[in-house]
Amino acid sequence: MMKVSSIVGARPNFTKLAALEFAFRKRPEIQHVIIHTGQHYDELMSSRFFEDLEIREPDYQLNVGSGSQAEQVGRTMMALEPVLAEERPDWVVVMGDVNATIATAVVAKKMSLRLAHVEAGLRSFNWAMPEEINRVVTDRLADLLFVSEPSGLDNLRAEAVEEERLRFVGNVMIDTLMRCLPIVERRDVAGHIGVSSGEYVTATIHRPSNTDSPERLRAWMLALEDVAARLPVVFPVHPRTREKLGELRYEPRSAELRLIEPLGYLDMLALMKNARVVLTDSGGMQEEATALGVACLTLRDETERPVTIQCGTNRLVGSNPDRLPVFLDEALRAPLKHRMPEKWDGKAAERIAEELLSCRALPLRGR
Ligand code: UD1
């Protein structure tokens, strides 16, 4: 028996955890211990995802909650240490780039536990993003690095990570997307919201770089109002964005800009799948839009997921809202050619399970 502890904290982790949990269930040799740090705790940000994704209740709930970057990371480290001391797993698995990821990586390695990072090697090269710091530190510490797209391999090799620690396994989030597509296809989320399938835009904005400056956030909202003059815009609003819009006392001037509560995983996928265009600053949605073949316009200056541009339907608008109309025109004019990135085939988590089992005796870094 091999014990694997997966640590999750925030919304984008849950789709990745689901892929791992489904793959691990098929391997009776693996005992899976799920630890939720509680960074995301709202019903709509967390438990709804566990239900939608059919993940069982976590074995541990650390309830660290919201706070500054240091508070979240610090509280997670303090709460996690006794749990890992009790469990002593053969592998600690972290995923993505959220605060739970870096906090776990530091604690696990200081306890000399084997650490695997799922979605390793992605780089925005933008050090103003908390996620970039989380990625770099986690990759530096990990014993095994599971890479989702070719750029991840290039970046890690450029950072001189030893070849024997790299595994190009594909994208676990796409495993979950493929498993859930049949259910998603039966959902008429657009109809419930009152827009016609294929004739609306799905939008999300939640990154601090877009929300934390009142001028920037207002400019994006005005740009979305302009989009809404052409096609209805459905915008499920992240709690941070909701709070910042409240501070601005913002009310849409157009009834076609529909600000709604955050959606669960299945509804969000349905809302993306049937959209004409997706507008987002999320990392995961760039990948999901690529897998669904839906045009995606990314409201950032850079992406750590370049395969979504090389193979997929993603285009970088940048951080200036004035540029949006030109990109929207292009996206509406012609369907973008795209293909599925390599190894985005629904089997990434199975490859990870196999590797964890076969590498259980991998020497720890620096030993
Ligand atoms: C985190 C991730 C980000 C990811 C995003 C997805 C980090 C550094 N960032 O950012 O990469 O794209 O999750 O959602 O980990 N809040 C609630 N209820 C909740 C959770 C948050 O009201 O359940 C509010 C709080 O006011 C909180 C704010 O949202 O302060 C931001 O939450 P936080 O977890 O700090 O970061 P996210 O922006 O969600």
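Residues numbered from 1 in each chain as written. Predicted model: local features only at pLDDT ≥ 70, side-chain atom pairs only at ≥ 80, totals over all residues. Heavy atoms only, no water.

**What to know about the pairing of strand β6 (residues 144-147)**
For a regular strand, side-chain orientation follows a simple rule: the groups alternate between the two sheet faces.
Then, number 1: On β6, burial covers both faces: Leu 144 and Phe 146 on one face and Leu 145 and Val 147 on the other are all buried.
Then, number 2: Sheet topology note: the strand β5 (residues 115-120)/β6 ladder contains four bridges and is parallel. Bridge pairing in β6 links Ala 116 to Leu 144.
Then, number 3: The β-α-β motif built from β5, the intervening helix α5 (residues 130-141) and the parallel element β6 has right-handed crossover chirality.
Then, number 4: With helix α6 (residues 150-158) bridging β6 and its parallel neighbour strand β7 (residues 166-168), the resulting β-α-β unit is right-handed. (Buried < 20%, exposed > 50% of the residue type's maximum accessible area, 1.4 Å probe, protein only. Helix = DSSP H or I, 4+ residues; strand = E, 2+ residues; numbered from the N terminus. Pairing = 2+ DSSP bridges. Right-handed = clockwise from strand over helix to strand, strands pointing away.)

**Quick word on the packing of helix α3 (residues 69-87) against helix α4 (residues 99-110)**
Then, number 1: Following both chains from N to C, one finds α3 and α4 inclined at 45°, their axes separated by 8 Å at the closest point. As summarised for this structure, α3 and α4 are arranged oblique, according to the angle between their axes. With respect to the hand of their crossing, α3 and α4 are arranged in right-handed fashion. Facing α3, whose interface residues are Gln 69, Gln 72, Val 73, Thr 76, Met 77, Leu 80, Glu 81 and Leu 84, α4 presents Asn 99, Ile 102, Ala 103, Thr 104, Val 106, Val 107 and Ala 108.
Then, number 2: Residue composition of the contact of α3 with α4, grouped by class: nine nonpolar, five polar and one charged. (Axes fitted to C-alpha atoms, helices over the stretch in contact; angles between N-to-C directions. Parallel < 35°, antiparallel > 145°, perpendicular 65-115°, else oblique. Left-handed = near helix turned anticlockwise from the far one by under 90°. Contact = heavy atoms within 4.5 Å. Nonpolar A, V, L, I, M, F, W, Y, C, P; charged D, E, K, R; others polar.)

**What to know about the packing of aromatic side chains**
Then, number 1: This structure, assessed with the given rule, holds two aromatic pairs.
Then, number 2: Plain terms: the ring middles of Phe 14 and Phe 49 are 6.3 Å apart, the flat faces sit at 55° to each other, and that makes the pair tilted. Of this pair, Phe 14 sits in helix α1 (residues 11-25) while Phe 49 sits in helix α2 (residues 43-52), placing them 35 residues apart in sequence.
Then, number 3: Classification of Phe 49 as buried rests on a relative accessible area of 6%.
Then, number 4: Looking at Arg 25, its charged tip hangs above the ring of Phe 22, at a distance of 4.4 Å from the centre.
Then, number 5: The ring of Phe 22 is capped by Arg 179, whose NZ or CZ atom sits 3.6 Å from the centre of that ring. (Phe/Tyr/Trp six-rings, centres within 6.5 Å; stacked < 30°, edge-to-face > 60°. Lys NZ or Arg CZ within 6 Å of the ring centre and 35° of its normal.)

**Some words on the side chain of Glu 21**
Then, number 1: Mapping Glu 21 onto the fold places it in helix α1.
Then, number 2: Only 2.8 Å separates the side chain of Glu 21 from the side chain of His 32, close enough to count as a polar contact.
Then, number 3: Dropping the residues within four chain positions of it, Glu 21 is found in contact with His 32, Ile 34, Ile 55 and Arg 56. (Polar contact = N/O pair within 3.5 Å; in protein donor to acceptor, adjacent residues only side chain to side chain.)

**Brief notes about the layout of surface pockets**
Then, number 1: Roughly 1,200 Å³ of internal volume is contained in the largest pocket.
Then, number 2: Taken together, 50 residues make up the lining of the largest pocket; nearest its centre are Arg 11, Pro 12, His 40, His 206 and His 238.
Then, number 3: Put simply, the parts of the chain that give the lining of the largest pocket at least two residues each are α1, α2, α3, α5, β9 (233-236), α11 (239-248), α12 (265-273) and α13 (283-292).
Then, number 4: Considered class by class, the residues forming the lining of the largest pocket number 21 nonpolar, 17 polar and twelve charged.
Then, number 5: Composition of the lining of the largest pocket by domain shows at least three residues from each of domain 1 (2-170 + 344-358) and domain 2 (181-333).
Then, number 6: Here the second largest pocket is characterised by a volume of approximately 230 Å³.
Then, number 7: Together, 15 residues line the second largest pocket, and Asn 126, Met 129, Arg 207, Ser 209 and Glu 302 are the ones closest to its centre.
Then, number 8: Breaking the lining of the second largest pocket down by element, the ones donating at least two residues are α5 and α9 (208-211). (1 Å grid on protein atoms, 1.4 Å probe; cavity = no way out; pocket = protein on both sides within 12 Å on 5 of 7 lines; lining within 4 Å. Points joined across faces, edges and corners; volume = space filled by probe spheres on them. Domains from an automatic or database assignment.)

**Examining the site of the ligand**
Then, number 1: Around the ligand, a shell composed of 22 residues is seen, among which His 40, Glu 131, His 206, His 238 and Arg 240 lie nearest.
Then, number 2: Take Tyr 41: an N or O atom from its main chain is 2.9 Å from an oxygen atom of the ligand.
Then, number 3: Glu 243 has a polar side-chain atom sitting 3.4 Å from an oxygen atom of the ligand.
Then, number 4: Computed on the free molecule, the ligand has an accessible area of 750 Å², of which 88% lies beneath the protein chains in the complex.
Then, number 5: Taken atom by atom, the bulk of the ligand overlaps the largest pocket.
Then, number 6: At the level of secondary structure, the elements contributing two or more residues to the shell around the ligand comprise α1, α3, α5 and α11.
Then, number 7: With three residues, the single largest contributor to the shell around the ligand is α11.
Then, number 8: Taken together, the residues that form the shell around the ligand break down as six nonpolar, nine polar and seven charged. (Near = heavy atom within 4 Å. Areas by Shrake-Rupley, 256 points an atom, 1.4 Å probe, with all protein chains shown as cover. Sits in = over half its atoms within 2 Å of the grid points.)

**Digging into the nonpolar core**
Then, number 1: Counting residues in hydrophobic clusters, the biggest one holds 63 residues, and the most contacted among them are Leu 20, Trp 91 and Leu 356.
Then, number 2: Taken domain by domain, this core gets at least three of its residues from each of domain 1 (2-170 + 344-358) and domain 2 (181-333).
Then, number 3: For Leu 356, the residues in contact, after removing those within four places along its chain, are Met 2, Val 4, Phe 24, Trp 91, Val 93, Ala 116, Leu 144 and Phe 146.
Then, number 4: Within the second largest apolar cluster, 30 residues are counted, among which are Ala 203, Leu 224, Ala 228 and Tyr 250. (Core = buried A, V, L, I, M, F, W, Y, C linked by side-chain atoms within 4.5 Å.)

**Topic: the sheet that holds β5**
Then, number 1: Reading across from one edge, β3-β2-β1-β4-β5-β6-β7 is the order of the seven strands in this open sheet, with parallel pairing throughout. For this open sheet the edge positions go to β3 (60-61) and β7, each flanked by a neighbour on one side alone.
Then, number 2: Contacts from helix α16 (residues 348-358) reach β1 (2-8), β2 (30-36), β4 (91-95), β5, β6 and β7, with the element oriented near 165° to β6.

**Focus on the domain arrangement of the protein chain**
Accessible area lost on assembly of the parts is the figure often given for the size of an interface.
Then, number 1: Domains assigned within the protein chain are domain 1 (2-170 + 344-358) and domain 2 (181-333).
Then, number 2: Carbon and sulfur atoms supply 58% of the area buried between domain 1 and domain 2, which totals about 1,800 Å² over both sides.
Then, number 3: Summed over the shared surface of domain 1 and domain 2, the result is four salt bridges.
Then, number 4: The shortest N-O distance in the salt bridge between Arg 48 and Asp 267 comes to 3.2 Å.
Then, number 5: Of the residues forming the side of domain 1 that touches domain 2, the biggest block, five residues, is contributed by α2.
Then, number 6: Split into classes, the residues belonging to the side of domain 1 that touches domain 2 amount to eight nonpolar, five polar and ten charged. (Buried area = accessible area lost by both parts, 1.4 Å probe. Salt bridge = Lys/Arg side-chain N within 4 Å of Asp/Glu carboxyl O.)

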